[in-house]
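# Coordinate analysis (summary)
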Amino acid sequence: MIHLNNIDKYYDSKFQRSFVLKAVNLDIAEGEFVSIMGPSGSGKSTLLNIIGLLDQPSAGEYTLYDKSVLDLKEKVKVDYHRNFMGFIFQAYHLIEEMTVYENIETPLIYKGVKGKDREAMVADLLDRFNMVAKKDLFPQQLSGGQQQLVGIARAIIGKPKLLLADEPTGNLHSSQGEMIMENLKALHDEGMTIIQVTHNEKFAQYGTRVIRLEDGIIRKDEKNV
Amino acid sequence: MRNILKPIYRNFSRKPVTNLINLGGLALSLSLVIVLAVYAYSELTTDHFHKNGARVYLYSESGNLPRIYTPGVLKDAIDQNIPEVESTLRIAGTWEAPVFQAEDQEPITSDLLFTDPSFFTFFSYKVVEGNPAAALSEPLTVVITQSLAAKLFGKQSAIGKTLKLNNEKTLTVKAVIEEPKANTSLSFSALTSMATRQIVMPNEAEFKVWPFCLFQTFVLLKEGTNPEAVAPKIAALFPPDMKTKKSEARLTPFNKLYFTQFSLFNANYLRCGDRTKVMILLLVAALVLVIALVNFVNISSSQWVERVRQIGTMKVAGAGRFSILSKVIAEAFLFFLLAVFLAMALIALFITNIVSYTGIHFNLGYIFSFQFIGISVAGAFILSLLFSLIPALQLSNSKAIDNLRKGITKPAKKQTSSSILVTTQFAIAIVLIAFTILIQKQVDFGSSNLGINQENIVGLKLTPELMAKKDVLKKMISENPNVGQISFAQYFPGEIISHWETKTTGGSEEKTVFYDTFNADANFFKTAGLELIQGRLYSGDIATDANKVVVNESFIRENKLQNPLGTKFMSMNGSVLEIVGIIRDFHYQSYNKPILPLAIRNEPFSTYCLVSLQTGNYKALSQSVQDIQAKAKSLSPSFPVEINFFDQAVQQLYQSELQFRRTFSLFAFSAIVICCMGILAMSMFACQRRIKEIGIRKVNGAKVSKVMTMLNRDFVKWVFVAFVVATPVSWYIMHKWLEGFAYKTELNWWIFALAGILALGIALLTVSFQSWKAATRNPVEALRYE
């Protein structure tokens, strides 16, 4: 599904070029649950952002289903975001002026889904995450774990093939983190491809494959059995 | 739609204070802008409602004084000799305000114009009832306006009713027309025919010979005629001894009459406006709008910075560029739209107060007309587009990942641009404050340096019945213990003063002298407190003093008399006048006009009885006035008796300055309020942004005063820069404005200093509240969320 070939990401300053990612080669197949690990500044988030089309590599090839997705037009990129991938962030990034319900609904509006269908889809997800009672609350009124659940719901409501999670448990207590990971695992079991960046060794083990980055270079790439 | 409205509402309610400041300021300024725009529109389109107005011209000759008095025979001469003129119209007023009396009603003082039947072809008025054109061709008929009809006859139909003119002739009402619009230069409440004039003011000569110049002549030109070619042709019609240079003949377009300042010596039915004032007020409106827009830009950009992350989230969730763009613009548009409607509501609530306070007079109907509402909404749309397009483009073009990373951190450049904007605001505020002070100073200067007693003098207008019983009146009034001097004169502030040009006699050479002149008895000088500087005043006791005059300094200076005392000159009624005394110059007319040569004649005909009252007690004063009025009333049963205070009549002369001052100060005040709202919001943002810094400083031992100084320093700096910028600008504007006055107050340095200090004081007061709150906060709270 995802094919990265010789991806470089660097920043030029006056006298030297500092690499964030260097010659990254990576293939991810449909249905994988990949955990990317590494110390701070090792380029994990950059890699995830490149995969999520939020950032451009400085050099290299990136194909999705054998189609190059470098130098895409804004419009096409937006289409990928709407239909193909969902994002989860460490800081949740919920819209504070919107209720839980509306936050989850937002991607569907951008996608152009009809009102009735939206209602059904959101209700479905609220049900799945046990948040029906909280649908009219605002993000500030929820605990971190619950906010992240809303984040997940928002990410998956558009039925994406690929879910990208940037340290989804980074701001959470371990028990809440575990709950989030269980949810991700369940999604994976349903067939979703998931790539997560994490610091937590234990949570990384939820993945079917663990990639270890160091200074922008893939040091280890191992499959979990 | 719901998806656009709801987040906007929530964004609004999340920061109610700043948003309300923003909205309120914008609405306030928009309401001022709308009122002033409508006022300016109304003024600038004065008389545009007349259907044939574009082809109507007033004939005048520009000599020393622009003269618009023309002879009655001119009409026939034009009609016969000038084919380019389709029709000619004469208008004449009365010398004294006429008194109308309906049957069984109190008499009322009104106004009356004599005119030709073509009046209604020249000018368009809606007819309420009757046939106005017919009325103007018959004798002893009258066309009246709705308001006069209501005053005279109440709610009944006025057609066919009769009214008594000056207790003599009876006029029949033939038609009622709608009240003339507020934006017209012709103001009248009754019209009658020239045939009526021949009956009520019989003077055969005025319709037959040239030298009687008592009419204004309007011409209706045929389509496509060049007025500049016609004017000299009209001038050529005058007989040789009255001929002026052809180049001095003018045809003033009727549509521009309002801003051409002609003065009439008798009943002044021509209202005139001042284009400069309209322009200054429009400029003020624009400045107020700028201030409010600065607030809008500052506040909304601060808010957008905070919402950058939200935009990033939306992008990641699949929002396209267009939906972000339209969201930002829609939000701004709705905001402006709300402000417009709020402004409309403010206007609807306060328009009567604004109009009565400022006295500005305009066609109120325009405000809530569809066109103006349409223009306002369109204006809101354009403004919102203008002021949201840049942030909207920035936000929609930004990369989602940058937005998510940046969060609240604010780029440093933003700071300087907002400080420039706030400085601009303060500069405008300082200019407005300084100008307000100056206008006040000029008005005070004018009304306090007239050189004539103003206080505790009342003027009793002499009705025909009172004129006949002057001695009885004097005796009756002098019985009141509070009465000091009593004088009969032809003078009262705001009343018409004759202007004569005659020749000297008896001297070595004959020369022409020109002067304003009125009659007054010997008591006048004492009553009015005029200062004799040479010679003597005439006396009522010396029989030979009847033909003596007292002149002012300008008379001697302007007419270049060597030995003024004893100089003799002719009067217009044939007698020979001799100068016996010279008095110091005083402003017998508005101080906006230069003091002209003046001769005060000791002739008995008078129109006013001036009474000086010797009491400072308000109650005694008003009782005396009532007493005088009652006594006069008993002597004059068929005419209304009017008593006016001298100083109030003087104030009336400065009505337009007063209106201007009030309008200007109201708008300047609003501008300052909006300015304050802006810096209040700015200081709130500043305190919020620096909350961590304040916390760290306090933890490290900074005192509250230190923190406050730090927070206030920026604002003080801005006010200072604004002061430096504003001073030369306002000096220039004020200098220009003062040039329009014949007698002007000085431009002192303290005006600017006061304006600067006021601005600084207001700014500090506004800001300190916020900084005090921020500085006294517990630093632990600020630092907790790390």
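Keep in mind that this is a model prediction, so the values were computed, not measured.

### Here's the deal with the overall build of chain A
- Counting its regular elements, chain A contains seven helices and ten strands.
- Against the 2.2 N^0.38 benchmark of 17 Å for 225 residues, chain A shows a C-alpha radius of gyration of 18 Å, consistent with a compact globule.
- Once the C-alpha set of chain A is aligned to its principal axes, its extents read approximately 55 × 40 × 35 Å.
- Residues counted as buried form 43% of the 225 residues belonging to chain A.

### Points about the packing of helix α3 (residues 100-111) of chain A against helix α4 (residues 115-128) of chain A
Residue and element names in this part refer to chain A.
- Two numbers describe how α3 lies on α4: the axes approach to 10 Å, and their chain directions differ by 130°. As summarised for this structure, α3 and α4 are arranged oblique, according to the angle between their axes. Here α3 and α4 pass one another in a crossing that is right-handed. Between α3 and α4, the residues in contact are Tyr101, Ile104, Glu105 and Leu108 and Arg118, Met121, Val122 and Leu125, respectively.

### Some remarks on the interface of chain B and chain A
- Between chain B and chain A, the contact holds 19 residues from the first and 19 residues from the second.
- Secondary structure elements with two or more residues in the side of chain B that touches chain A: α1 (2-14), α10 (308-316), α11 (321-358) and α13 (400-406) of chain B.
- Residues that form the side of chain B that touches chain A fall into these classes: eight nonpolar, seven polar and four charged.

### A closer look at the packing of helix α2 (residues 16-44) of chain B against helix α21 (residues 655-689) of chain B
Residues and elements named next belong to chain B.
- Between α2 and α21, the shortest axis-to-axis distance is 10 Å and the interhelical angle comes to 160°. Of the possible angle classes, the one that applies to α2 and α21 is roughly antiparallel. The two elements α2 and α21 meet at a crossing, and its hand is left-handed. Of the residues in α21, those touching α2 at Thr18, Ile21, Asn22, Gly24, Gly25, Leu28, Ser29 and Leu32 are Phe667, Ser670, Ile674, Met677, Gly678, Leu680, Ala681 and Met684.
- Per-class residue counts for the contact of α2 with α21 are nine nonpolar, seven polar and no charged.

### Comments concerning the pairing of strand β22 (residues 576-583) of chain B
All names here are of chain B.
- With respect to burial, β22 is a largely interior element, six of its eight residues being buried.
- Both strand β19 (residues 532-535) and β22 contribute to a ladder of three bridges, which runs antiparallel. Each bridged residue has a counterpart across the sheet, and for Leu532 the counterpart in β22 is Ile583.
- The sheet contact formed by strand β20 (residues 548-552) and β22 spans five bridges and is parallel. When the bridges of β22 are listed, Val550 appears paired with Gly581.

### Remarks on the confidence of the model for chain B
Residues and elements named next belong to chain B.
- Residues with a pLDDT of 70 or more make up 96% of chain B, whose mean pLDDT is 84.
- With pLDDT under 50 throughout, residues 408-413 is counted as low confidence; its partners more than four residues away or in other chains account for three contacts.
- Scoring the predicted complex yields pTM 0.77 and, for the interface, ipTM 0.80.

### Overview of the pairing of strand β9 (residues 209-214) of chain A
All names here are of chain A.
- One ladder, built from four bridges, connects strand β3 (residues 33-37) with β9; its direction is parallel. Note on β9: the bridge partner recorded for Ser35 is Val210.
- In this sheet, strand β10 (residues 217-223) lies alongside β9 in antiparallel orientation, the contact comprising six bridges. Pairing of Arg212 across the sheet is with Lys220, part of β10.
- Counting the residues in the hairpin turn of β9 and β10 gives two residues, including Asp215, whose phi is positive at 50°.

### Remarks on the sheet that holds strand β25 (residues 643-645) of chain B
All names here are of chain B.
- Across the sheet, which stays open at both edges, the four strands sit in the order β16-β24-β15-β25 with antiparallel pairing between neighbours. Strands with a single pairing partner mark the edges of an open sheet, and in this sheet they are β16 (483-489) and β25. This sheet shows a mean twist of 25° between the axes of neighbouring strands, independent of strand direction.
- Across five bridges, β16 lies against strand β24 (residues 608-613) in antiparallel orientation. Looking at β24, one finds that Val483 is bridged to Leu613.
- Of the strands in this sheet, β16 and β24 are in contact with helix α16 (residues 470-478), which crosses β16 at around 165°.

Basis of the calculations
- Residues numbered from 1 in each chain as written.
- Chains lettered and ligands numbered in written order.
- Predicted model: local features only at pLDDT ≥ 70, side-chain atom pairs only at ≥ 80, totals over all residues.
- Helix = DSSP H or I, 4+ residues; strand = E, 2+ residues; numbered from the N terminus.
- Rg over C-alpha atoms; globule rule 2.2 N^0.38 Å.
- Buried ≥ 20, exposed ≤ 12 C-beta atoms within 10 Å, placed from the backbone.
- Axes fitted to C-alpha atoms, helices over the stretch in contact; angles between N-to-C directions.
- Parallel < 35°, antiparallel > 145°, perpendicular 65-115°, else oblique.
- Left-handed = near helix turned anticlockwise from the far one by under 90°.
- Contact = placed C-beta atoms within 7 Å.
- Nonpolar A, V, L, I, M, F, W, Y, C, P; charged D, E, K, R; others polar.
- Pairing = 2+ DSSP bridges.
- pLDDT = per-residue confidence, 0-100.

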